[in-house]
Amino acid sequence: MDCIFCKIANGEIPSKKIYEDDVVIVFLDINPISSGHMLVVPKDHTLDLETIDDEVLIHINKVIRKMMKLAYEKIPCDGITICQNNGTAQEVKHYHVHLIPRYKNDKLNFVDGIKDLDVDQIYEKLKQN
Ligand code: 5GP
Ligand code: ZN
């Protein structure tokens, strides 16, 4: 299947990887809405919230908690917005959760975004050593 997130998950396409285990991979969004915008992606292809396996969903939520702690400690950020798109709202048709770090008084709007640090600067703060 020609799926960009499957290719990232199996290493065919590079990504700025923050975390990986047997079930999920977390990497920086290529077009971040805010500094540190991460995507949490199951390795096995599935479309959306309707199709994802319950156990995988539970695991993803545990990983989200880990990534939140990482973002608060390492960036640091002041809040985190989490969202997950379905149907016409979903551009990449492989389930993923957006973790969008928030900053005091950031006045984030989801069209322009806010990016004080570029992708490489934020990657240095978050990547596994
Ligand atoms: P969706 O609208 O499907 O929830 O969001 C898809 C997200 O995937 C977008 O924020 C977009 O910037 C991101 N994205 C699309 N292609 C790539 C890619 O090749 N690499 C990375 N790191 N992110 C991608
Ligand atoms: Zn896929």
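Fair warning: this is a prediction, and the values are worked out from it, not measured in the lab.

A. Layout of the environment of Phe27. Positionally, Phe27 belongs in strand S2 (residues 24-28). By relative accessible area, which is 3% here, Phe27 ends up buried. Between the C-alpha atom of Phe27 and that of His37, which follows or precedes it by 10 residues, the distance is 8.7 Å. In this view, Phe27 contacts Phe5, Ile8, Ser15, Lys16, Lys17, Ile18, His37, Met38, Leu39 and Val41; residues no more than four positions away in its chain are not counted.

B. Structural detail: a negative patch on the surface. Judged by side-chain charge, Asp44, Asp53, Asp54 and Glu55 come together as a negatively charged surface patch. Relative to the helices and strands, Glu55 resides in helix H2 (residues 54-74).

C. Quick look at unusual backbone geometry. For the bond running from Ile75 to Pro76, omega is -15 degrees, close enough to zero to count as cis. Within the secondary structure, Pro76 sits in the loop between H2 and strand S4 (79-83). Even without glycine at this site, Asn105 takes up a positive phi of about 55 degrees. Within the secondary structure, Asn105 sits in the loop between strand S5 (97-102) and helix H3 (119-126). When its relative accessible area of 70% is taken as the criterion, Asn105 is described as exposed. Residues other than glycine seldom take positive phi values, yet Lys107 does so here, at roughly 50 degrees. Along the polypeptide, Lys107 turns up in the loop between S5 and H3.

D. Main features of the packing of aromatic side chains. According to the stated counting rule, one finds 1 aromatic pair in the structure shown. Seen from their ring centres, Phe5 and Phe27 are 5.5 Å apart, and the 80 degrees between their planes marks the pair as edge-to-face. Linking Phe5 in helix H1 (residues 4-9) with Phe27 in strand S2, this pair joins segments that are 22 residues apart in sequence. By the burial criterion, Phe5 is buried, and Phe27 matches it. Directly above the aromatic system of Tyr123 lies the positively charged group of Lys16, at a separation of 5.4 Å from the ring centroid.

Conventions used here
- Residues numbered from 1 in each chain as written.
- Chains lettered and ligands numbered in written order.
- Predicted model: local features only at pLDDT ≥ 70, side-chain atom pairs only at ≥ 80, totals over all residues.
- Heavy atoms only, no water.
- Helix = DSSP H or I, 4+ residues; strand = E, 2+ residues; numbered from the N terminus.
- Buried < 20%, exposed > 50% of the residue type's maximum accessible area, 1.4 Å probe, protein only.
- Contact = heavy atoms within 4.5 Å.
- Patch = residues over 30% accessible without salt bridge, like charges linked within 9 Å, V, L, I, M, F, W, Y side chains within 5 Å.
- Areas by Shrake-Rupley, 256 points an atom, 1.4 Å probe, with all protein chains shown as cover.
- Salt bridge = Lys/Arg side-chain N within 4 Å of Asp/Glu carboxyl O.
- Lys, Arg positive; Asp, Glu negative; His and termini not counted.
- Charge placed at Lys NZ, Arg CZ, Asp CG, Glu CD.
- Phe/Tyr/Trp six-rings, centres within 6.5 Å; stacked < 30°, edge-to-face > 60°.
- Lys NZ or Arg CZ within 6 Å of the ring centre and 35° of its normal.

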